[in-house]
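One-letter residues, chain by chain:
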Amino acid sequence: MAIRDMLLPEFDEEMKNTRKLLERLPDQLSDYKPHPKSMAMNRLAGHVAELAGWAKETFTREVLEFDMDNYVPFEPKSRQEVLDAFDKNAKAGREALAAAKDEDFPVIWSLKDTKGNTILSMPRAACYRGMVMSHMIHHRAQLGVYLRLNEIEIPGMYGPSADEMKFWQRAQGA
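Let us look at the structure shown here.

Parameters and conventions
- Residues numbered from 1 in each chain as written.
- Predicted model: local features only at pLDDT ≥ 70, side-chain atom pairs only at ≥ 80, totals over all residues.
- Heavy atoms only, no water.
- Pairing = 2+ DSSP bridges.
- Helix = DSSP H or I, 4+ residues; strand = E, 2+ residues; numbered from the N terminus.
- Axes fitted to C-alpha atoms, helices over the stretch in contact; angles between N-to-C directions.
- Contact = heavy atoms within 4.5 Å.
- Parallel < 35°, antiparallel > 145°, perpendicular 65-115°, else oblique.
- Left-handed = near helix turned anticlockwise from the far one by under 90°.
- Nonpolar A, V, L, I, M, F, W, Y, C, P; charged D, E, K, R; others polar.
- Right-handed = clockwise from strand over helix to strand, strands pointing away.

Brief notes about the sheet that holds strand E3 (residues 118–123)
Piece 1. The strand order across the open sheet formed by 3 strands is E1-E2-E3, and the pairing between neighbours is mixed. The open sheet is flanked by strand E1 (63–66) and E3, the only strands paired with a single partner. Direction aside, neighbouring strands of the sheet carry axes that sit 10° apart on average.
Piece 2. Taken together, the 5 bridges between strand E2 (residues 108–113) and E3 define a ladder with antiparallel strand orientation. Considered in E3, the bridge of Lys112 is made with Thr118.
Piece 3. Of the strands in this sheet, E2 and E3 are in contact with helix H5 (residues 124–149), which crosses E3 at around 110°.

Take a look at the structure:
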């Protein structure tokens with residue numbers, strides 16, 4: 001079995017879970033922060049939507065040059081804007097992963113600044129796992145905390161959430 005065929009079911013499941021959480025965002029996003037050092041809600045939601053497409057960058061190039069000085073972060077203003085970006089990026093990421101061959105996974109992938117300095121360099125397999133999937137799951141969890149702190153019910157990711165449990169318990173007559 002090809003490596004991609006082992007990874008695609010997980011990719012699909014994590015994208016499904018991520019979209020489920022993004023669907024719970026308020027219609028209009030705010031710049032709410034739970035702490036001064038935290039990202040604003042709209043920026044964090046935008047980052048989660050962007051991360052879905054990083055698989056494309058991982059599998060379609062060996063070097064990504066990142067212009068930190070001119071980077072403009074995605075700061076959506078609405079839930080629909082987040083969902084549209086997420087859907088587009090998840091589709092592109094899935095297509096790139098689905099096209100990957102086994103020999104693509106050990107190829108070294110690098111992130112460099114515009115001066116040619118290497119920020120990080122690792123096999124694509126490690127980049128995909130750490131910089132794409134784990135990174136997205138990490139920020140998705142942060143976004144879940146933001147929703148919880150704003151009294152927005154959150155969906156379960158790997159089983160029912162506390163919000164979903166109360167409905168399940170009522171259905172069971174508890």
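Here we look at the packing of helix H1 (residues 3–22) against H5
Piece 1. Between H1 and H5, the least distance of the axes is 10 Å, while the angle of their chain directions is 25°. Taken together, the axes of H1 and H5 are roughly parallel relative to one another. Read as a crossing pair, H1 and H5 show a hand that is left-handed. Across the interface between the two elements, Leu7, Glu10, Phe11, Glu14, Met15, Asn17, Thr18, Leu21 and Leu22 of H1 pack against Tyr128, Arg129, Met133, Met136, Ile137, Arg140, Leu143, Gly144 and Leu147 of H5.
Piece 2. In terms of residue class, the contact of H1 with H5 is made up of 11 nonpolar, 3 polar and 4 charged.

Considering the pairing of E2
Piece 1. In this structure, E1 lies alongside E2, joined through 4 bridges in parallel fashion. Its bridge partner lying in E2, Phe66 is registered against Asp113.
Piece 2. A crossover connection joins E1 to the parallel E2 through helix H4 (residues 79–99); in handedness this β-α-β unit is right-handed.

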